[in-house]
Amino acid sequence: KLGASEARFLGTKCAAPLNELKAQIESGMAREILAARQLQFLKAVANDDRAEAFRLLDPKSFEAVDPGILWNRLRIRIGILKAAEMGSDNIRIDKIEFTEDRHTASIWMKIFRKSPVNPEGVWRDIPPTEWRLIDGQWYLRAEPRRPVALSDERELRPRPRAHP
């Protein structure tokens, strides 16, 4: 933050360029922090480190769902990525976008996957994650619903029980 030095430029022709420069610097710093936290989160879940993963989650995530259920859903989602040989060369952050108020960011990632159809491998999109700025720190927003990365949720829905 530029702080006190900003006040001297308020109302001058330098104010707009200074504000733009400040926003660019803050945006670049936030992108670096977000990228590091996103990868830290993925590694924590892949390594079964619940404490580290939960430390990176928005505290409101725990209001809507039991922590055990939340952990299982996160592990399922990351399990899909882990099955694709998750590593620094296999996952990349493609784009980070901020809302206008700069308190929410979406991170789009891609994962490199090989398959019998594409033995050389292709980059595939991963559903975006949403991060929120809370008290100066970025936290991942965990949805209480099933992870988007699962392609066929019908298999996960409880089946109606037959009544005798």
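Keep in mind that this is a model prediction, so the values were computed, not measured.

K.L.:
Explain the overall build of the chain to me, using residue names and the numbers behind them.
P.N.:
When helices and strands are counted, the chain shows five helices and four strands. Along the chain, from the amino end to the carboxyl end, the secondary structure elements read α-α-α-α-α-β-β-β-β.

K.L.:
Break down the side chain of Gln38 for me, citing the residues and quoting the values.
P.N.:
Looking at the secondary structure, you find Gln38 in helix 2 (residues 15-46). Other than its neighbours up to four places away in sequence, Gln38 contacts Ile93, Ile107, Met109, Thr129 and Trp131.

K.L.:
How would you sum up the environment of Trp71? Please name residues and give values.
P.N.:
As for its position among the elements, Trp71 is in helix 5 (residues 67-83). The spacing of Trp71 and Val45 is 26 residues in sequence and 8.5 Å in space, taken between C-alpha atoms. Once you skip the residues sitting within four places of it in the chain, Trp71 turns out to touch Ala44, Val45, Asp48, Asp49, Arg50, Ala53 and Phe54.

K.L.:
Any chance you could break down the pattern of salt bridges for me, citing the residues and the numbers?
P.N.:
Opposite charge on two side chains allows them to pair when their charged atoms are near. For the structure shown, the criterion picks out seven salt bridges. Between Arg55 and Glu52 there is a salt bridge, with the nearest N and O atoms lying 2.8 Å from each other. Note that Arg55 and Glu52 are positioned in helix 3 (residues 50-55) at a spacing of three residues, about one turn of the helix. On the basis of relative accessible area, Arg55 is assigned to the partly exposed category, the value being 42%. Of the charged contacts, one joins Glu97 and Lys95 as a salt bridge, the two residues approaching to 3.7 Å between their closest N and O atoms. Classification of Glu97 as partly exposed rests on a relative accessible area of 38%. Three or more residues joined by partner-sharing salt bridges are found here, namely Asp58, Glu130, Arg132 and Arg141.

K.L.:
Could you give me a rundown of the sheet that holds strand 1 (residues 91-98), with the residues and numbers involved?
P.N.:
Spatially, 1-2-3-4 is the arrangement adopted by the four strands of the open sheet, whose pairing is antiparallel. The open sheet has two edge strands with one neighbour each: strand 1 and strand 4 (137-141). Averaged over all adjacent pairs, the angle separating strand axes in this sheet is 35°, with direction ignored. Pairing of strand 2 (residues 104-113) with strand 3 (residues 122-134), which is carried by nine bridges, proceeds in the antiparallel orientation. Note that in strand 3 the partner of Ser106 across the bridge is Glu130.

About the criteria used
Residues numbered from 1 in each chain as written. Predicted model: local features only at pLDDT ≥ 70, side-chain atom pairs only at ≥ 80, totals over all residues. Heavy atoms only, no water. Helix = DSSP H or I, 4+ residues; strand = E, 2+ residues; numbered from the N terminus. Contact = heavy atoms within 4.5 Å. Salt bridge = Lys/Arg side-chain N within 4 Å of Asp/Glu carboxyl O. Buried < 20%, exposed > 50% of the residue type's maximum accessible area, 1.4 Å probe, protein only. Pairing = 2+ DSSP bridges. Axes fitted to C-alpha atoms, helices over the stretch in contact; angles between N-to-C directions.

Just distances and angles here, no functional claims.
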